[in-house]
Amino acid sequence: ASPPYPSGQEPYTGNVCCIGAGYVGGPTMAMMAYKTNLKFTVVDLNQKRIDAWNSDTLPIYEPGLDEIVKEVRGKNLFFSTDVAAAVKESAIVFVAVNTP
């Protein structure tokens, strides 16, 4: 079987950041962390939202999300308000914020 990436190209091994810890950013990065060994940091300026992601009561509900987050949080999934640091250490940055 051939590798899942183009011939001669190595798989990505760096960090990934997502700006926006809402209904798109949080669950998407949680699932990507669950399916890979990459480090994902979800950042948001809303401290209460980040606190909720770091607690036992997530800020949103999706079937199975709670179990996935608990499995990867603190291992390869992190939630923070330090946007600048997360962006600086990541080669890939997703933006998942409301459009004006």
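For the structure itself, look to the data block above.
Figured I'd write up the structure that's included with this text. Here, residues in each chain are numbered from 1, in the same order as that chain's written sequence. Residue-level local features of this predicted model are given only where pLDDT is at least 70; pairs of side-chain atoms are given and counted only at 80 or more, and the full residue set underlies all totals for whole chains, interfaces and linings. Excluding hydrogens and water, the side-chain values take into account all heavy atoms of the structure.

Observations concerning the pattern of salt bridges
Then, in step 1: Here, a salt bridge means any Lys or Arg side-chain nitrogen found within 4 Å of an Asp or Glu carboxyl oxygen. One pass over the full model with this rule turns up three salt bridges.
Then, in step 2: For the salt bridge of D44 with R49, the shortest nitrogen-to-oxygen distance reads 3.3 Å.
Then, in step 3: On the basis of relative accessible area, D44 is assigned to the buried category, the value being 13%.
Then, in step 4: The salt bridge partner of D66 is K70, with a shortest N-O separation of 3.1 Å. Taken as a pair, D66 and K70 lie in helix α3 (residues 65–72) at a separation of four residues, close to a single helical turn.
Then, in step 5: A simple rule labels every residue: compare its accessible area, found with a 1.4 Å probe on the protein chains alone, to the largest value its type can have, and call it buried under 20%, exposed over 50%, or partly exposed in between. Given the relative accessible area of 26%, D66 is considered partly exposed. The helix and strand labels rest on DSSP assignments: H or I over at least four residues marks a helix, E over at least two residues marks a strand, and numbering proceeds from the N terminus.

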